[in-house]
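Understanding the architecture of this molecule
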Amino acid sequence: MNFFAEHWLDIVTTVLGLVYIALEYRASIALWIVGIIMPALDIYLYYSHGLYGDAGMAVYYTAAAVYGYIVWKFGKKGDSKEQEMPISHFPRKKILPAVIFFAVAMWATHYILVNYTNSTVPVLDSFTNALSFVGLWALAQKYIEQWFVWIVVDVISCYLYIDKGIPFKAGLYGLYVVIAVMGYMKWRKMMQTMH
């Protein structure tokens, strides 16, 4: 019983994470509702385990989920006449700005972690956080390449959560890697049927 008392928040957010990834796999707008609740709970979970970058990232995830919902609900790309925003490829002209943003975000997060926290994993924590900024924005834009970003983030996060003693979340991120590969294939098929 002590185990569950100690890990209840890890378990709850892991279950929500499974619901989230299932909805993302299906490209369902409901993913954003879960995407607001889960990271709000993660803020405390990560902070209490010394993952300050991830706690800060969870604040961003909560706000970004509101943005993602609005974009998916009301956004359209180009002269699309479709009711819902279609899945598309990451535009080449946005690659360099995304890389620059990633580098600046990683540097800023690393600086904060090193100078203002007792983080023991500032490089990996800042890397996954900066890459997650890019990934979440790409998801909000429904770019299929967002799945590649999440594969990298999920592999590193799985390792971090094992290292920090958050076993359920580590298992969830291991599963996320598999689902991200499947999600890419599913979205690719969905793209082909749209065109």
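The structure we're discussing is the one just above.
Anyway, here's the lowdown on the structure attached to this text. It should be emphasised that the depicted structure is a prediction, and the values quoted were computed from it without experimental measurement.

Some thoughts on the overall build of the protein chain
When helices and strands are tallied, the protein chain shows 7 helices and 0 strands. Its helices and strands taken in sequence order, the protein chain reads α-α-α-α-α-α-α from the N to the C terminus. What you see for the protein chain is a C-alpha radius of gyration of 17 Å, in line with the 16 Å of a compact globule of 195 residues. Counting only C-alpha atoms and orienting by the principal axes, one finds that the protein chain spans roughly 55 × 40 × 25 Å. Per-residue burial over the protein chain gives 49% buried out of 195 residues. Long-range pairs, those at least 24 residues apart, make up 72% of the contacts in the protein chain with a sequence separation of at least 6.

Considerations on helix 6 (residues 146-163)
The first and last C-alpha atoms of helix 6 sit 26 Å apart over 18 residues, in line with the 26 Å expected at 1.5 Å per residue. Of the positions making up helix 6, those classed as buried are Gln146, Trp147, Val149, Trp150, Val153, Asp154, Ile156, Ser157, Cys158, Leu160 and Tyr161. Its buried side turned inward, helix 6 meets helix 1 (2-25), helix 2 (31-48), helix 3 (52-74), helix 5 (122-140) and helix 7 (167-194). Immediately downstream of helix 6, the backbone of Gly165 shows phi near 75°, a positive value.

Some thoughts on a nonpolar patch on the surface
On the surface, a cluster of nonpolar side chains totalling about 470 Å² of accessible area is made up of Leu18, Leu175, Val178, Val181, Met182 and Met185. The leading source of residues in the nonpolar patch is helix 7, at 5 residues. A relative accessible area of 38% means that Met182 is categorised as partly exposed.

A closer look at the nonpolar core
Grouped together as the largest cluster of nonpolar side chains are 57 residues, with contacts concentrated most on Tyr46, Leu139 and Trp187. For this core, the secondary structure elements donating two or more residues are helix 1, helix 2, helix 3, helix 4 (95-116), helix 5, helix 6 and helix 7. Here the element with the most residues in this core is helix 7; it accounts for 10 residues. In contact with Trp187, not counting residues within four places along its chain, are Glu24, Tyr25, Ala27, Trp72, Ile87, Leu139, Lys142, Tyr143, Ile144, Gln146 and Trp147.

Details of the environment of Gly53
Inspection of the secondary structure puts Gly53 in helix 3. Distance in space between the C-alpha atoms of Gly53 and Phe4 is 25 Å, their sequence separation being 49 residues. Residues in contact with Gly53, not counting those within four places in the same chain, are Leu113, Asp125 and Asn129.

A closer look at the side chain of Thr14
Structurally, Thr14 can be placed in helix 1. With relative accessibility at 9%, the residue Thr14 sits in the buried group. Residue contacts for Thr14: discarding those within four places in its chain leaves Phe168, Lys169 and Leu172.

Concerning unusual backbone geometry
The backbone of Ala27 sits at a positive phi, close to 60°, despite the residue not being glycine. Position of Ala27 among the secondary structure elements: in the loop between helix 1 and helix 2. The exposure class of Ala27 is buried, given its relative accessible area of 8%. Phi at Lys142 is positive, roughly 60°, even though this residue is not glycine. Along the polypeptide, Lys142 turns up in the loop between helix 5 and helix 6.

Observations regarding helix 4
With 22 residues, helix 4 extends 31 Å between its outermost C-alpha atoms, agreeing within 8% with the 32 Å of an ideal straight helix rising 1.5 Å per residue. Of all the residues in helix 4, the buried ones are Ala98, Phe102, Ala105, Thr109 and Leu113. One side of helix 4 holds all its buried residues, which, seen down the axis, span an arc of 75°. Turned more than 90 degrees off the buried face of helix 4, the exposed positions are Leu96, Val104 and Trp107. Among the structural elements, helix 3 and helix 5 are those in contact with the buried residues of helix 4.

What counts and what doesn't
Note on numbering: residues in each chain are counted from 1, in written sequence order. Where local features are concerned, this predicted model is filtered to residues with pLDDT of at least 70; where side-chain atom pairs are given and counted, the filter is 80 or more; whole-chain, interface and lining totals use all residues. Excluded from the side-chain calculations are hydrogens and water; all other atoms, namely the structure's heavy atoms, are used. Secondary structure elements are taken from DSSP: a helix is a run of H or I of four residues or more, a strand is a run of E of two residues or more, and numbering for both begins at the N terminus. Atoms counted for the radius of gyration: C-alpha only. Globule rule: 2.2 Å times the number of residues to the power 0.38. Relative accessibility under 20% of the residue-type maximum defines a buried residue, over 50% an exposed one, and the middle range a partly exposed one, all with a 1.4 Å probe and only protein chains included. Any two residues whose heavy atoms approach within 4.5 Å at even a single point are treated as in contact. A helix is expected to span 1.5 Å for every residue after the first. Patch rule: a residue counts if its relative accessible area is over 30% and it has no salt bridge; like charges are joined within 9 Å, and nonpolar side chains (Val, Leu, Ile, Met, Phe, Trp, Tyr) within 5 Å. Accessible surface is estimated by sampling points in the Shrake-Rupley manner with a 1.4 Å probe; for residues, cover comes only from the protein chains shown. Salt bridges, as used here, are contacts in which a Lys or Arg side-chain nitrogen is within 4 Å of a carboxyl oxygen on Asp or Glu. We define the nonpolar core as a collection of buried residues of types Ala, Val, Leu, Ile, Met, Phe, Trp, Tyr and Cys that are connected through side-chain atoms lying within 4.5 Å of one another. It is the directions from the helix axis to the C-beta atoms whose arc is reported.

Purely geometric numbers; function is a separate question.
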